[in-house]
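A closer look at the structure
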Amino acid sequence: MLSPAKTPAGIRAEPLVSLEDVGILRNGRWLVRGVDFSVSRGEIVTLIGPNGSGKSTSAKAAIGVLKPDEGRVERKAGLKVGYVPQKLTIDWTLPLSVRRLMTLTGPLPECDMLSALESAGIAHMLDAEVQHLSGGEFQRALMARAIARKPDLLVLDEPVQGVDFSGEIALYDLIKSIRNATGCGILLISHDLHVVMAETDTVICLNGHVCCRGTPESVSRSPEYVRLFGSRAAQTLAVYSHHHDHTHLPDGRVQHADGSVTDHCHPDDGHHAHEHGHAGHEHGHDHPDHAHPHAHEAGERHA
Ligand SMILES: Nc1ncnc2c1ncn2[C@@H]1O[C@H](COP(=O)(O)OP(=O)(O)OP(=O)(O)O)[C@@H](O)[C@H]1O
């Protein structure tokens, strides 16, 4: 059993899940080996690593989708897991409403469904066709589906895929508010090596095994990280820390710091700042023209 992790509040908590020396063997090859980490209540743990380094495999081992061939996985008794997979197999030729998406895996009381969609900021899209959602709205719908059953542990495999920069910030805000409101533990898989959510308590850098771990800042400075990704990656490892004086509501309107809501930003509104941990540079963006790139090719959407 791993030693209990420290929560952001500094309280020693019993892990929701802990992996100890976990190895997964397939066709005579170790996909991962010697993986150990834990996630406690209220903790955000982010797995990073190159393609094929075993992030999804480790997350699947954590939630019991994959059984370890060596080592041990311990989950708190009665643990409820909300999982947003990297790939979702959906037949996009059939009509599917957000309401139906929410109940695909089982019945859900209407009030729980509405409150999850409300938290995810897409309650107004209950009857929208999933095919018509933008990349960011689709990720919110998946997030709503995962939180609707009030999980203790939320596992998000690349939650910002197909989402543009401002959408990414909004989704990280949503993840943070879910954690703050429910106190659940969050295991996040980030396929962007350079950008880790600022609220991450622990970064685990994988490369078939745990190559290094720690706070986002300490991982970016570790020799193992630099060896794996190069010094440039270390210099540009960014943490999301941003200040904005207005919020873009899901319906397109803008809420200002004083609580007022308008249809658009004010000309003198400060824009979202993206502060890099090391370079410290700020990134602003203009809203009227920003694009929302997401894969919408038939059969490949969000796959
Ligand atoms: N069921 C399986 N059988 C055999 N090999 C597998 C299986 N699942 C995954 N792999 C291999 O295991 C390795 C780790 O895959 P995994 O999906 O965990 O990586 P990842 O870090 O999440 O990658 P990515 O960033 O590309 O999503 C890859 O080389 C993959 O091809």
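All values derive from a computational prediction rather than experimental measurement. (Residues numbered from 1 in each chain as written. Predicted model: local features only at pLDDT ≥ 70, side-chain atom pairs only at ≥ 80, totals over all residues. Heavy atoms only, no water.)

**Regarding the environment of Leu31**
We apply this condition: Counting from the N terminus, the helices are the DSSP runs of H or I reaching at least four residues and the strands are the DSSP runs of E reaching at least two. Here, two residues are considered to be in contact whenever any of their heavy atoms come within 4.5 Å of each other.
With respect to the helices, strands and loops of the structure, Leu31 is situated in strand 4 (residues 29-40). For the pair Leu31 and Gly52, spaced 21 residues apart in the sequence, the C-alpha separation amounts to 8.4 Å. Every residue in contact with Leu31, bar those within four places of it in the chain, is listed here: Ile24, Arg26, Thr57 and Gly208.

**Structural notes on unusual backbone geometry**
For clarity, the threshold we go by: Summary of the burial criterion: residues with accessible area below 20% of their type's maximum are buried, those above 50% are exposed, and those between are partly exposed, where the area comes from a 1.4 Å probe applied to protein chains only.
Positive phi, close to 55 degrees, is recorded for Asp21, a residue that is not glycine. Note that Asp21 resides in strand 3 (residues 15-26). Residues other than glycine seldom take positive phi values, yet Lys150 does so here, at roughly 50 degrees. Here Lys150 is to be found in the loop between helix 4 (135-147) and strand 8 (153-157). Residue Lys150 is classed as partly exposed on the basis of its relative accessible area, which comes to 48%.

**Examining helix 3 (residues 110-119)**
Because the α-helix completes a turn every 3.6 residues, residues three or four places apart line up on one side. To be explicit about the condition: Throughout, the arc means that of the directions going from the helix axis to the C-beta atoms.
Every buried residue belonging to helix 3 is among Asp112, Met113, Ala116 and Leu117, and all of these are buried. Projected down its long axis, helix 3 shows its buried positions confined to an angular sector of 130 degrees, all on one face. Looking at helix 3, the residues exposed on the side facing more than 90 degrees away from the buried face are Cys111 and Glu118. Packed against the buried residues of helix 3 are helix 2 (98-103) and helix 4. Two residues or fewer after helix 3 comes Gly121, characterised by a positive phi angle close to 75 degrees.

**What about the nonpolar core?**
The line we're drawing: Residue types Ala, Val, Leu, Ile, Met, Phe, Trp, Tyr and Cys, when buried and joined through side-chain atoms within 4.5 Å, form a set referred to as a nonpolar core.
Met102, Leu117, Phe138, Leu154, Leu156, Ile175 and Ile186 are the most contacted members of the largest nonpolar core, which totals 40 residues. Contributing elements (two or more residues each) for this core: helix 2, helix 3, helix 4, strand 8, helix 5 (165-182) and strand 9 (185-189). At seven residues, helix 4 tops the list of elements feeding residues into this core. Ignoring any residue separated from it by four or fewer positions in sequence, one finds Met102 in contact with Leu108, Met113, Ala116, Leu117, Ala141, Ala144, Arg145, Ala148 and Arg149.

**Focus on the pairing of strand 5 (residues 44-48)**
Regular strands place side chains that alternate from one sheet face to the opposite one. Under the convention used in this document: When DSSP finds at least two bridges between two strands, those strands are taken to pair.
Most of strand 5 is tucked away, with five of its five residues classed as buried. Side-chain alternation along strand 5 places Ile44, Thr46 and Ile48 on one buried face and Val45 and Leu47 on a second face that is also buried. For strand 5 and strand 9, the ladder comprises four bridges, and the chain directions are parallel. Looking at strand 9, one finds that Leu47 is bridged to Ile189. Of the pairings in the sheet, the one linking strand 5 to strand 11 (residues 202-206) comprises four bridges and is parallel in character.

**A word on the sheet that holds strand 3**
Definition in use: Each axis is a line fitted through C-alpha atoms, and for a helix only the stretch in contact is used; angles between axes span 0 to 180 degrees, taken between their N-to-C directions.
One open sheet accounts for three strands, arranged 4-3-6; its pairing is antiparallel. The open sheet has two edge strands, strand 4 and strand 6 (70-75), and neither has a second partner. Each strand axis lies, on average, 15 degrees off the axis of its neighbour in the sheet, ignoring direction. Contacts from helix 1 (residues 55-63) reach strand 3, strand 4 and strand 6, with the element oriented near 125 degrees to strand 3.

**Quick word on the pattern of salt bridges**
Put simply, the test is: For this analysis, a salt bridge means a side-chain nitrogen from Lys or Arg found within 4 Å of a carboxyl oxygen belonging to Asp or Glu.
According to the stated counting rule, one finds ten salt bridges in the structure shown. Put simply, Asp36 and Arg213 hold a salt bridge, and the shortest N to O gap is 2.7 Å. A residue pair is termed long-range when its members are at least 10 positions apart, and Asp36 in strand 4 and Arg213 in strand 12 (residues 210-214) qualify at 177 residues. The class of Arg213 is partly exposed, set by a relative accessible area of 38%. Between Glu199 and Lys176 there is a salt bridge; the shortest N-O distance is 3.7 Å. Of this pair, Glu199 sits in the loop between strand 10 (195-197) and strand 11 while Lys176 sits in helix 5; the two residues are 23 residues apart in sequence, bridging distant segments of the chain. Lys176 sits in the partly exposed class, given a relative accessible area of 26%. One salt-bridge network, in which partners are shared between bridges, spans Glu20, Arg72 and Glu74.

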